[in-house]
Amino acid sequence: GPKVLQIPSHQIIDMGQMVTLNCDPVSNHLYFYWYKQILGQQMEFLVNFYNGKVMEKSKLFKDQFSVERPDGSYFTLKIQPTALEDSAVYFCASSPDRGQLYFGSGTRLTVL
Amino acid sequence: QQKVQQSPESLIVPEGGMASLNCTSSDRNVDYFWWYRQHSGKSPKMLMSIFSNGEKEEGRFTVHLNKASLHTSLHIRDSQPSDSALYLCAVGGSNAKLTFGKGTKLSVKS
């Protein structure tokens, strides 16, 4: 099936540093998402966008977070500065239609 | 309060048995319901969707939806050890946001 690629798979950084998580979505998909999951618990919605524009951000999407799609292909989630509570697995997903999400394998972020 | 309530939190069924999972939304603005499955250490994968009242069957999996009560259920017959996973219910509305419940952890014992 369609593949969403996420890099890196793991990232360890010191608190206060900046981190950029990268996602290469399925090429013809229109909707893009970022989710946060702590220790195999609930998938928490962060942000979604469509047609290059942010559609909705959750309360978890703090001011330190930003999303971009620099060249129209891959898209990024940037956290600057990072905090201890940002440690989690971050999943990106793309979708051709509402609800039908294809998830990447996730980036495990550890903030020390 | 959680917008998507799933029950039970965990479930153990014998191999070959029937597993029944429940999900209710408290948001009346939802348009569609999805079920995803997440094996340990992996990303969620789509299982089934349901958009209108009634029942939908795909192989060993059956989904029911009652839109009036915003309740959906997933039933897995002839459960296999490979079905052991976290089952996530997700609801969506017009803004394409998909909200997940906390999940039901299913263990199938051989």
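A few points on the structure. Each chain carries its own residue numbering, running from 1 in the direction its sequence is written. To read the labels, note that chains go from A and ligands from 1, taken in the order they are written. At least 70 in pLDDT is required for a residue's local features to be given in this predicted model, at least 80 for side-chain atom pairs to be given and counted, and no such filter applies to totals for whole chains, interfaces and linings, which use all residues. With hydrogens and water excluded, all non-hydrogen atoms of the structure serve as input to the side-chain values.

### Brief notes about the state of the cysteines
Note: disulfide means a covalent bond formed between the sulfur atoms of two cysteine side chains. Residues and elements named next belong to chain A. When the sulfur atoms of two cysteines come within 2.5 Å, that pair is taken as a disulfide. Going through the model one piece at a time under the given rule, you end up with two disulfides over all chains. One disulfide bridge connects Cys 23 with Cys 92, the sulfur atoms lying 2.0 Å from each other. Given an S-S torsion of about 75 degrees, the disulfide between Cys 23 and Cys 92 has right-handed geometry. Residue Cys 23 is found in strand E3 (residues 19-24), and its partner Cys 92 is found in strand E9 (residues 88-95); the two are separated by 69 residues along the sequence. Secondary structure elements are defined from DSSP: runs of H or I of at least 4 residues count as helices, runs of E of at least 2 residues count as strands, and each element is numbered from the N terminus.

### Here's the deal with the sheet that holds strand E7 (residues 65-68) of chain A
Residues and elements named next belong to chain A. Spatial ordering of the open sheet is given by E1-E3-E8-E7, a layout of four strands whose pairing is antiparallel. Two strands lie at the open edges of the sheet, namely strand E1 (5-7) and E7, each paired on one side alone. Within this sheet the neighbouring strands show an average axis-to-axis angle of 15 degrees, counted without direction. Strands are labelled as partners when DSSP assigns at least two bridges between them. Pairing analysis gives four bridges linking E7 to strand E8 (residues 75-79), with the strands arranged antiparallel. The residue of E8 that forms the bridge with Ser 66 is Lys 78. To get an axis, a line is fitted to the C-alpha atoms, and for a helix only the part in contact is used. The angle between two axes follows their N-to-C directions and goes from 0 to 180 degrees.

### Describing the interface of chain A and chain B
Two residues form a contact once any of their heavy atoms are found within 4.5 Å. Chain A puts 20 residues into the contact, and the matching count from chain B is 21 residues. When the two sides are added together, the surface that chain A and chain B hide from each other amounts to roughly 1700 Å², 55% of it contributed by carbon and sulfur. Defined here as a combined quantity, buried area equals the accessible surface (1.4 Å probe) lost by two parts on assembly, summed across both. By the criterion of area lost to chain B, the three top residues of chain A are Gln 42, Arg 98 and Phe 103 of chain A, representing 34% of everything that side buries. Salt bridges are defined as contacts in which a side-chain nitrogen from Lys or Arg sits within 4 Å of a carboxyl oxygen from Asp or Glu. The interface formed by chain A and chain B holds one salt bridge in total. Between Lys 97 of chain B and Glu 56 of chain A there is a salt bridge whose closest N-O contact spans 3.3 Å. Pairing of N or O atoms within 3.5 Å defines a polar contact, subject to two protein rules: one partner must be a possible hydrogen donor and the other a possible acceptor, and residues neighboring in sequence count only if both atoms are side-chain atoms. If you look at where chain A meets chain B, you find seven residue pairs in polar contact (both at pLDDT 80 or more). Those elements that place two or more of their residues in the side of chain A that touches chain B are strand E4 (31-37), strand E5 (43-50), strand E6 (53-57) and strand E10 (102-103) of chain A. Polar here means any residue other than Ala, Val, Leu, Ile, Met, Phe, Trp, Tyr, Cys and Pro, which are nonpolar, and Asp, Glu, Lys and Arg, which are charged; Gly is therefore polar. For the side of chain A that touches chain B, a count of residues per class yields ten nonpolar, eight polar and two charged.

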